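Chain residues, written in single-letter form:
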Amino acid sequence: SSSITELLGALCDYSLSGVSWKRRALGGVSREGVRRILKRRAYGALLSKLFQDGNKDSLSGSCATTRTPPRNKVLMICFDLRVAGCREEAESLEDELGRLPEGASSGLMEVDTVLELLVLLAGSAPPPATSF
Amino acid sequence: MASAANSNLNAVRETMDVLLEISRLLNTGLDMESLSICVRLCEQGINPEALSSVIKELRKASESLKASENSTN
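Since this is a predicted model, take the numbers as computed values, not measurements.

## Some remarks on the overall build of chain A
1) Next: Secondary structure summary: chain A contains seven helices and zero strands in total.
2) Next: Ordered by position from the N terminus, the helices and strands of chain A form the series α-α-α-α-α-α-α.
3) Next: Within chain A, buried positions represent 33% of all 132 residues.
4) Next: The contacts in chain A between residues at least 6 apart in sequence include a share of 45% that link residues at least 24 apart.
5) Next: For chain A, the accessible surface area stands at approximately 8,300 Å², while carbon and sulfur atoms represent 58% of it.

This is how it looks when you write it as structure tokens:
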């Protein structure tokens, strides 16, 4: 049970994995300095989103897509995958969604919030390299 | 008491495995380590939209770091 600050710090450290520090240290950029910059950017993104959310709610109320349950959003992605000809991926995704426990039986308090996060990050990584 | 804790631990493990597979199929770029940090942040009440912007922002920052590293090679 870590605090939000510790977890955001862990996320910053994680995103720094793979960066070569030997060369950076020679260039005068320390790991701690970069970590501070990343934390500033992470908090900036977090806070700007919180303020935007506040404005949206006060101006127009929440729209239909934000009210759609995340499980339905995943099913909508399955539909899009089928339309795009990716039947196997759509079926695997539906199977996994069917295996995902709901509520307290998942052992997590916020399983649907995590699913919502995955939907928001869908397709955000570069496609996996294909081997020949 | 101990068996209740064990069964909850097993439930968490199974849920994490399913979430990781969904994450892989959705191509989110999260692995087990980053996913478990995100799960804990969600459990602390962080809004998923805000968290997704944080992740995207951190990715941009680390990509530019790696790009600057490559250009100095």
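There is more to say, and it comes next.
## Some points on the pattern of salt bridges
Residues and elements named next belong to chain B.
1) Next: Following the criterion strictly, the structure yields nine salt bridges over all chains and no others.
2) Next: One salt bridge in this structure joins E57 and K60, with 3.7 Å as the shortest N-O distance. With E57 and K60 both in helix α3 (residues 48–71) and three residues apart, the pair spans about one turn of that helix.

## Looking at the interface of chain A and chain B
1) Next: Across the boundary between the two partners, chain A contributes 58 residues, which contact 51 residues of chain B.
2) Next: At the boundary of chain A with chain B, total buried surface from both sides reaches about 5,000 Å², with 71% on carbon and sulfur atoms.
3) Next: Among the residues chain A hides against chain B, the three largest losses belong to L11, Y14 and L118 of chain A. Together they make up 13% of the total.
4) Next: Between chain A and chain B we count one salt bridge in total.
5) Next: Where E57 of chain B meets R41 of chain A, a salt bridge forms, and the shortest distance between an N and an O atom there is 2.9 Å.
6) Next: Our count for the contact surface shared by chain A and chain B stands at 14 residue pairs in polar contact (both at pLDDT 80 or more).
7) Next: Elements supplying a minimum of two residues to the side of chain A that touches chain B: α1 (4–15), α2 (21–26), α3 (31–60), α6 (87–99) and α7 (111–121) of chain A.
8) Next: Here the side of chain A that touches chain B takes 10 residues from α7 of chain A, the largest share from any one element.
9) Next: Residue classes in the side of chain A that touches chain B are distributed as 34 nonpolar, 13 polar and 11 charged.

## Re the packing of helix α5 (residues 70–83) of chain A against α6 of chain A
Residues and elements named next belong to chain A.
1) Next: Two elements in contact, α5 and α6, have axes whose closest approach is 8 Å; the angle formed by their N-to-C orientations is 165°. In terms of orientation, α5 and α6 fall into the roughly antiparallel class. Judged by the twist between their axes, the crossing of α5 over α6 is left-handed. From α5, R71, V74, L75, I77, C78, L81 and R82 reach across to α6, where they touch R87, E89, A90, E91, L93, E94 and L97.
2) Next: When the residues that make up the contact of α5 with α6 are grouped by side-chain class, the tally is eight nonpolar, no polar and six charged.

## Observations concerning the state of the cysteines
Formally, a disulfide is one covalent bond, and it connects the sulfur atom of one cysteine to the sulfur atom of another.
1) Next: Evaluation of the coordinates by the stated rule reveals zero disulfides over all chains.
2) Next: Between C78 of chain A, a free cysteine, and C86 of chain A, which holds the nearest cysteine sulfur, the sulfur-to-sulfur gap is 11 Å.
3) Next: There is no disulfide at C38 of chain B, and the cysteine sulfur nearest it, in C42 of chain B, is 6.7 Å away.
4) Next: You can call C38 of chain B buried: its relative accessible area is 0%.

## Quick word on the side chain of T113 of chain A
1) Next: Along the chain, T113 of chain A turns up in helix α7.
2) Next: Setting aside residues no more than four positions away along its own chain, T113 of chain A makes contact with C42, I46 and P48 of chain B.

## A closer look at the nonpolar core
1) Next: In this structure, L11 of chain A together with L19 and L51 of chain B are the most contacted members of the largest nonpolar core, which totals 46 residues.
2) Next: For this core, the secondary-structure elements that each account for two or more residues are α1, α3, α5, α6 and α7 of chain A together with α1 (2–25), α2 (32–43) and α3 of chain B.

## Description of unusual backbone geometry
Outside of glycine, negative phi angles account for most residues, and trans bonds account for most peptide bonds.
Residues and elements named next belong to chain B.
1) Next: Despite not being glycine, N27 shows a phi value in the positive range, around 55°.
2) Next: Along the chain, N27 turns up in the loop between α1 and α2.
3) Next: Judged by its relative accessible area of 22%, N27 is partly exposed.

Analysis parameters
- Residue indices follow the written sequence of each chain, beginning from 1 at its first position.
- Written order decides the labels, with chains lettered from A and ligands numbered from 1.
- Local features are withheld for residues below a pLDDT of 70 in this predicted model, meaning they are given only at 70 or higher, and side-chain atom pairs are given and counted only at 80 or more; totals for whole chains, interfaces and linings count all residues.
- Where side-chain values are given, they derive from all heavy atoms of the structure, hydrogens and water being excluded.
- Counting from the N terminus, the helices are DSSP H or I runs at least four residues long and the strands are E runs at least two residues long.
- The cut-offs for exposure are 20% and 50% of the maximum accessible area for each residue type, with area from a 1.4 Å probe on protein chains only; residues under the lower value are buried, those over the upper are exposed, and the others partly exposed.
- Residues count as neighbours in contact if any of their non-hydrogen atoms are within 4.5 Å of one another.
- Per-residue and other accessible areas follow the Shrake-Rupley method at a 1.4 Å probe size, with only the shown protein chains counted as cover for residues.
- Only one rule defines a salt bridge in this text: a Lys or Arg side-chain nitrogen within 4 Å of an Asp or Glu carboxyl oxygen.
- Using a 1.4 Å probe, buried area is obtained as the accessible area two parts lose upon being combined, added over both of them.
- Under the rule applied, a polar contact is a pair of N or O atoms within 3.5 Å (in protein, one hydrogen donor and one hydrogen acceptor; residues adjacent in sequence only if both atoms are side-chain atoms).
- Following the grouping adopted for this structure description, the nonpolar residues are Ala, Val, Leu, Ile, Met, Phe, Trp, Tyr, Cys and Pro, the charged ones are Asp, Glu, Lys and Arg, and the polar ones are all others, Gly among them.
- Here, axes are lines fitted to C-alpha atoms. For helices the fit covers the stretch in contact, and angles between N-to-C directions go from 0 to 180 degrees.
- In what follows, roughly perpendicular refers to angles from 65 to 115 degrees, roughly parallel to angles under 35, roughly antiparallel to angles over 145, and oblique to any angle outside these ranges.
- By definition, any crossing whose near helix is turned counterclockwise from its far helix by less than a right angle is left-handed, and any crossing with a clockwise turn is right-handed.
- For this text, the term disulfide refers to a pair of cysteine sulfurs within 2.5 Å.
- For our purposes a nonpolar core is just a set of buried Ala, Val, Leu, Ile, Met, Phe, Trp, Tyr and Cys residues, chained together by side-chain atoms within 4.5 Å.

Geometric values such as these leave the question of function open.
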